[in-house]
Amino acid sequence: MSVFNQSRSRIIRLIFGVTFLVIIGQLFYLQVMSGKFRQLAMDNAVYPKIIYPERGIIYDREGKAILNNTISYDLMVTPAEIKGIDVQEFCRLMNLDTAEFNKRILEAKIKNTSVRPSIFDDQLTPDIQARFEENSWKFPGFTLVERPVRTYPFNAAAHILGYVREADPKDIEKSGNFYRQGDYIGKTGLEAYYEKVLMGQRGVEYWIKDNKNRLVGHYEKGSFDTAAVAGRGLRTYLDADLQQLAEKLMTNKVGGLVAIDPKTGGILAMVSGPNYNPNDLTGPEGSKNFGRLQLDVAGPMLNRAINGLYEPGSTFKPLGALVALDEGLITPAYGYPCGGRYMGCGSGKPACTHSGGGHSANLRNAIAYSCNSYFTHLYRMAADNPQYGGVKKGYMKWREYMNLFGLGVRLGVDLPSENKGNIPDTASYNKQYRGSWNSCTNLTLGIGQDQMQATPLQLANAMCIIANKGYYYTPHFVQKIDDETDDDTVYMNKFRVKHEVLTHIPDTAYRAVIEGMNDVVKFGTARIAQIPGIEVCAKTGTAENYTILDGRRIKLPNNSMFVCFAPKDNPKIAIAVCVQNAGYGATWGGPISRILIEKYLNDTIQKKSEADVDRISKANLIPAHYKRLQYKADSSRAWEWFKMTKDSSYIKKFRRAQADTPKPPAPKPADKQKTITYIWMQEEKKVASALKSRVLS
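None of these values were measured; they are calculated from a predicted model.

A. Local environment of the sheet that holds strand E18 (residues 573-579). Read from one edge of the open sheet, 5 strands run E12-E11-E18-E17-E16, paired in antiparallel fashion. The sheet is open, and its two borders are formed by strand E12 (267-273) and strand E16 (537-549), each paired with just one other strand. Averaged over all pairs of adjacent strands, the angle between their axes in this sheet comes to 10°, without regard to strand direction. Strand direction decides the pairing type here: E16 and strand E17 (residues 552-566), joined by 12 bridges, are antiparallel. Each bridged residue has a counterpart across the sheet, and for alanine 543 the counterpart in E17 is asparagine 559. Along the sheet face, helix H21 (residues 585-602) touches strand E11 (255-260), E12, E16, E17 and E18 and points at about 30° away from the line of E17.

B. Region of interest: the packing of H21 against helix H22 (residues 607-618). Contact geometry for H21 and H22: axes closest at 10 Å, N-to-C directions at 130°. Of the possible angle classes, the one that applies to H21 and H22 is oblique. Seen along the crossing, H21 lies across H22 with a hand that is left-handed. Contacts from Trp588, Pro591, Ile592, Arg594, Ile595 and Glu598 in H21 reach Lys608, Ser609, Asp612, Val613, Arg615 and Ile616 in H22. Partitioned by chemical class, the residues of the contact of H21 with H22 number 6 nonpolar, 1 polar and 5 charged.

C. Highlighting the state of the cysteines. Evaluated as defined, the whole model comprises 1 disulfide. Two residues, cysteine 345 and cysteine 440, share a disulfide whose sulfurs are 1.9 Å apart. Handedness here is read from the sign of the S-S torsion; for cysteine 345 and cysteine 440, about -85°, the answer is left-handed. Taken together, the positions of cysteine 345 in the loop between helix H13 (317-326) and helix H14 (363-368) and cysteine 440 in the loop between helix H17 (426-433) and helix H18 (456-467) put the pair 95 residues apart, joining distant regions of the chain. Judged by relative accessible area, which is 23%, cysteine 440 ranks as partly exposed.

D. The packing of aromatic side chains, seen in detail. Considering all chains together, one arrives at 25 aromatic pairs under this definition. Centroid distance tyrosine 193 to tyrosine 491: 6.2 Å. Interplanar angle 55°. Geometry classified as tilted. A residue pair is termed long-range when its members are at least 10 positions apart, and tyrosine 193 in helix H8 (residues 189-193) and tyrosine 491 in helix H19 (residues 489-492) qualify at 298 residues. Over the aromatic face of tyrosine 184 sits the side chain of arginine 147, whose NZ or CZ is 4.0 Å from the ring centroid. Here the guanidinium or amino end of lysine 498 rests over the ring plane of tyrosine 471, the centre of that ring lying 4.2 Å away.

E. Fine view of the packing of H13 against helix H15 (residues 372-383). Closest axis-to-axis distance for the H13/H15 pair is 9 Å, and the angle between their directions is 45°. One finds that H13 runs oblique with respect to H15. When the axes of H13 and H15 are compared, the crossing they make is left-handed. Here Lys317, Gly320, Ala321, Val323 and Ala324 of H13 lie close against H15, whose contacting residues are Asn372, Phe375, Leu378 and Ala382.

F. Summary view of helix H16 (residues 391-404). The terminal C-alpha atoms of H16 lie 20 Å apart, and with 14 residues this matches the ideal 20 Å at 1.5 Å per residue to within 8%. Of all the residues in H16, the buried ones are Val391, Gly394, Tyr395, Trp398, Arg399, Tyr401 and Met402. What you see down the axis of H16 is that its buried residues fit within an arc of 150°, all on one side. Buried positions along H16 lie against H13, H15 and H17.

G. Geometry of a nonpolar patch on the surface. A cluster of nonpolar side chains, Leu14, Val18 and Val22, forms an exposed patch at the surface whose accessible area comes to about 280 Å². On the secondary structure map, valine 18 appears in helix H1 (residues 3-33). For valine 18, a relative accessible area of 44% translates into the label partly exposed.

H. Representation of the pattern of salt bridges. All told, the structure shown has 35 salt bridges when counted by the stated rule. Lysine 568 serves as the salt-bridge partner of glutamate 535, at 3.8 Å between the closest nitrogen and oxygen. You can see glutamate 535 sitting in the loop between helix H20 (507-522) and E16 and its partner lysine 568 sitting in the loop between E17 and E18, a full 33 residues away along the chain. Looking at lysine 568, the relative accessible area reads 10%, which means it is buried. When the shortest N-O distance is used, the salt bridge between arginine 594 and aspartate 612 registers 2.5 Å. Taken as a pair, arginine 594 in helix H21 and aspartate 612 in helix H22 lie far apart in primary sequence, 18 residues in all. Taken individually, arginine 594 and aspartate 612 each receive the classification buried, so the pair is uniform in this respect. Put simply, Arg364, Arg511, Glu515, Asp519, Lys522, Glu535, Lys568 and Asp569 are held in one network by salt bridges that share partners.

About the cut-offs
- Residues numbered from 1 in each chain as written.
- Predicted model: local features only at pLDDT ≥ 70, side-chain atom pairs only at ≥ 80, totals over all residues.
- Heavy atoms only, no water.
- Pairing = 2+ DSSP bridges.
- Helix = DSSP H or I, 4+ residues; strand = E, 2+ residues; numbered from the N terminus.
- Axes fitted to C-alpha atoms, helices over the stretch in contact; angles between N-to-C directions.
- Contact = heavy atoms within 4.5 Å.
- Parallel < 35°, antiparallel > 145°, perpendicular 65-115°, else oblique.
- Left-handed = near helix turned anticlockwise from the far one by under 90°.
- Nonpolar A, V, L, I, M, F, W, Y, C, P; charged D, E, K, R; others polar.
- Disulfide = S-S within 2.5 Å.
- Buried < 20%, exposed > 50% of the residue type's maximum accessible area, 1.4 Å probe, protein only.
- Phe/Tyr/Trp six-rings, centres within 6.5 Å; stacked < 30°, edge-to-face > 60°.
- Lys NZ or Arg CZ within 6 Å of the ring centre and 35° of its normal.
- Expected span 1.5 Å × (residues − 1).
- Arc of directions from axis to C-beta.
- Patch = residues over 30% accessible without salt bridge, like charges linked within 9 Å, V, L, I, M, F, W, Y side chains within 5 Å.
- Areas by Shrake-Rupley, 256 points an atom, 1.4 Å probe, with all protein chains shown as cover.
- Salt bridge = Lys/Arg side-chain N within 4 Å of Asp/Glu carboxyl O.

Function cannot be inferred from these measures alone, as they are strictly geometric.
Below you can see the structure in the form of structure tokens.
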């Protein structure tokens, strides 16, 4: 062999050797060092099945589960694994049309990519679940996942307990990707506030898939599986029977009700009206019902007990009395010569229901007969107190008292989105009156009106302060967390602090006010609240209110306000009730409160009260103007739909209704399309004006 050929032979052998080493090295890297292809193989052969934990159970004060779990099934889809399925057959099986099928697949890809499982259909009905299980082998990429679903055994406490929904992209981002697509998260109520306690910890099971994508057994005998950890339970102060009774009494009414144990701050019952059945937001119809409730202008999903803003009216007067007593402006024997109207500011306003006969001869009488002149004058004395050097400083001192009573501040209840109400500061009045105002400008603050607004929760808490003679505990539902840890102190510690905000007020002052509130029930404006063997202390209130409807300011029926606590000498329950647009405080709020006190303290109610329960629960007091507001809201939405889709089917009924209603002369556009446009442009303007001005309190 020539030297040239020998050299070429060596080069060829070297090339083959290097190539062989590269191939061996690459194979070693792919099979040993790199997990990419191993992961791909695992993804093809092994399915990680998420095991969702049971959320913690919520119990009432007697240990009864008021929020529990049941089992449902979600249908999960991994879009990348859908290969060669019969879409028509699948849609027939699932009662879908192909357009909806394609829409859901697209949403799954957008939300969670095509290679990750997403919810295709949640909380399947038992018959659809059974049909799918029988045919699941035909539809690779679809898998059933067991999920605990919330159930409400008492059909009660919807606004308190709240609801859970699938975590949306904002929830996931906010959690730093702790939550994933398919996880459920508490959205409102105790479910949201105690989410980290209730949620538990998800688990995972690894299943082997065969060549038809069927799950045939545990991977590695389950050695890589992790078990789900159930959430922990909450023990509350809620009384399930009292809650059900309170909800029955507030049926077909707008307003709020709160009952608190003054000694602990534990909330015994809380109702917002109109109400809804919490079970309506679970199961296959949950999303549909959620949409229906959201579109109701009466606001059934708004918790008016912590978000409804109401002028306290005369229920405020015991607070004004305590301020005047503490400031040394009056004594319990102080009287005011009321002839039926307050003449101190020259206008003869406000007027009183009573006149003469000593109805304001002293503090107890003034409270019992709810003398407007008396308490208007007490407010003016406080605001004009010379020791503060001017009305604005005197007013701010008065406002400080209001904040100590819990008005104009958030109390910190264990529910999200509590409203702080409104006790305006001097800046508000300076802006409104250009700095020129005095105690006559806002004199109706003395009778719980003007710009004063409070929630039912705040009014109930104020009654706790009076009942306790100066202290309160932050109102809350949860007494303790099961298996409580040191980390749980972030929730519980603030509810165990005794707030001695007004304990410096002398006992004689509290006694005068308490006796006056007891007289309200004995012979004053709240005789309807009398209970044999139980001394009740109460105060009625009737607050005027207005709204803007169809461009006009109209006066609505008065709000029925009522606050109370009982028994007088060892208070165990304090209640605030607001029934919106229902009339006098004693007409509705009084009997509702009496029935709840009886039930809580005696565990039974009188025959008279049984008849009242039937009468009150059947009374429909939903404000009449809500019908018009609903019509306007629905018609506006129908018009928006028409503008987007040119589908006029939803607006036909509104056009017919308009044709039946006399209308002022309007221009006559040239064609049918312009006629529709003109009508709905006018309607839109009215809707915008009405909805902007009104407050659904």
